[in-house]
Amino acid sequence: MANITLGGNPIETTGKLPSVGSKAPNFNLTATDLSAKSITDYSGSRLVLNIFPSIDTGTCATSVRTFNEKASSLDNTKVLCISKDLPFALKRFCGAEGLNNVENLSDYKTGEFGKDYGLTFKTGPLETLLSRCIVVIDTDGTILHTEQVSEIKDEPNYESALASLA
């Protein structure tokens with residue numbers, strides 16, 4: 001499990017992120033149109049998984065805005081923003097913000113994504129939500145980069161994630 005903090009207070013996750021160089025676990029998530037999405041829906045594309053607790057927090061919203069801005073310049077790359085928010089909330093946020101370069105997916109139905117990727121909060125006030133992480137996946141499903149943000153209020157290292165695609 002990863003030991004991270006929220007405002008300096010320790011929180012644990014259910015596991016650890018998959019290792020760089022390993023194959024990314026499959027996922028079954030819900031899109032904002034309520035369709036089911038799995039990793040195979042993105043075959044042939046590089047993926048940046050921007051994972052966070054809730055779109056309704058400042059840091060999470062900032063990460064979606066930042067990746068939306070940076071995604072437009074990424075070649076053959078899709079940015080998937082993943083939380084346990086309801087798809088309606090994710091759609092509302094991106095619609096109100098005019099964000100069109102990222103795709104929002106929700107793990108609200110089963111929580112299996114968070115378990116399979118080892119990033120669900122196990123303790124603390126955000127228990128059962130997804131922790132703030134970045135996972136970058138190559139076109140063949142190989143994990144190129146991971147980041148478990150150690151203080152949940154902090155933003156991810158965007159430059160490091162994007163550099164792994166160079």
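Above this text you will find the structure in question.
For clarity, every value in this text was computed on a predicted model and none was experimentally measured.

Novice: Residues and numbers for the overall build of the protein chain, please.
Specialist: Across its full length, the protein chain carries four helices and nine strands. Going from N to C terminus, the protein chain has its helices and strands arranged as β-β-β-β-β-α-β-α-β-α-β-β-α. Taking 15 Å as the expected radius of gyration for a compact globule of 166 residues, we find that the protein chain reaches 14 Å, a close match to that expectation. In terms of its C-alpha atoms, the protein chain occupies a principal-axis envelope of roughly 40 × 35 × 30 Å. Carbon and sulfur atoms make up 48% of the accessible area of the protein chain, which totals about 7,500 Å². If you average the places of the 15 positive and of the 20 negative side-chain charges in the protein chain, the two averages end up 3 Å apart.

Novice: Please give an account of a nonpolar patch on the surface that cites residues and values.
Specialist: The grouping of Leu34, Leu86, Phe88 and Tyr108 at the surface amounts to a nonpolar patch, some 380 Å² of accessible area in total. For Tyr108, a relative accessible area of 32% translates into the label partly exposed.

Novice: I'd like to hear about the sheet that holds strand E6 (residues 77–83), residue by residue, with values.
Specialist: If you trace the seven strands from one edge of the open sheet to the other, you get E4-E3-E7-E6-E5-E8-E9, paired in mixed fashion. The sheet terminates laterally at strand E4 (36–38) and strand E9 (143–148), the two strands that pair on one side only. Averaged over all adjacent pairs, the angle separating strand axes in this sheet is 30°, with direction ignored. Bridge count for strand E5 (residues 46–51) against strand E8 (residues 133–137) is five bridges, and the pairing is antiparallel. Counted as the bridge partner of Leu47 is Ile137 from E8.

Calculation rules
Residues numbered from 1 in each chain as written. Predicted model: local features only at pLDDT ≥ 70, side-chain atom pairs only at ≥ 80, totals over all residues. Heavy atoms only, no water. Helix = DSSP H or I, 4+ residues; strand = E, 2+ residues; numbered from the N terminus. Rg over C-alpha atoms; globule rule 2.2 N^0.38 Å. Areas by Shrake-Rupley, 256 points an atom, 1.4 Å probe, with all protein chains shown as cover. Lys, Arg positive; Asp, Glu negative; His and termini not counted. Charge placed at Lys NZ, Arg CZ, Asp CG, Glu CD. Patch = residues over 30% accessible without salt bridge, like charges linked within 9 Å, V, L, I, M, F, W, Y side chains within 5 Å. Salt bridge = Lys/Arg side-chain N within 4 Å of Asp/Glu carboxyl O. Buried < 20%, exposed > 50% of the residue type's maximum accessible area, 1.4 Å probe, protein only. Pairing = 2+ DSSP bridges. Axes fitted to C-alpha atoms, helices over the stretch in contact; angles between N-to-C directions.

Bear in mind that shape data such as this cannot, by itself, settle questions of function.
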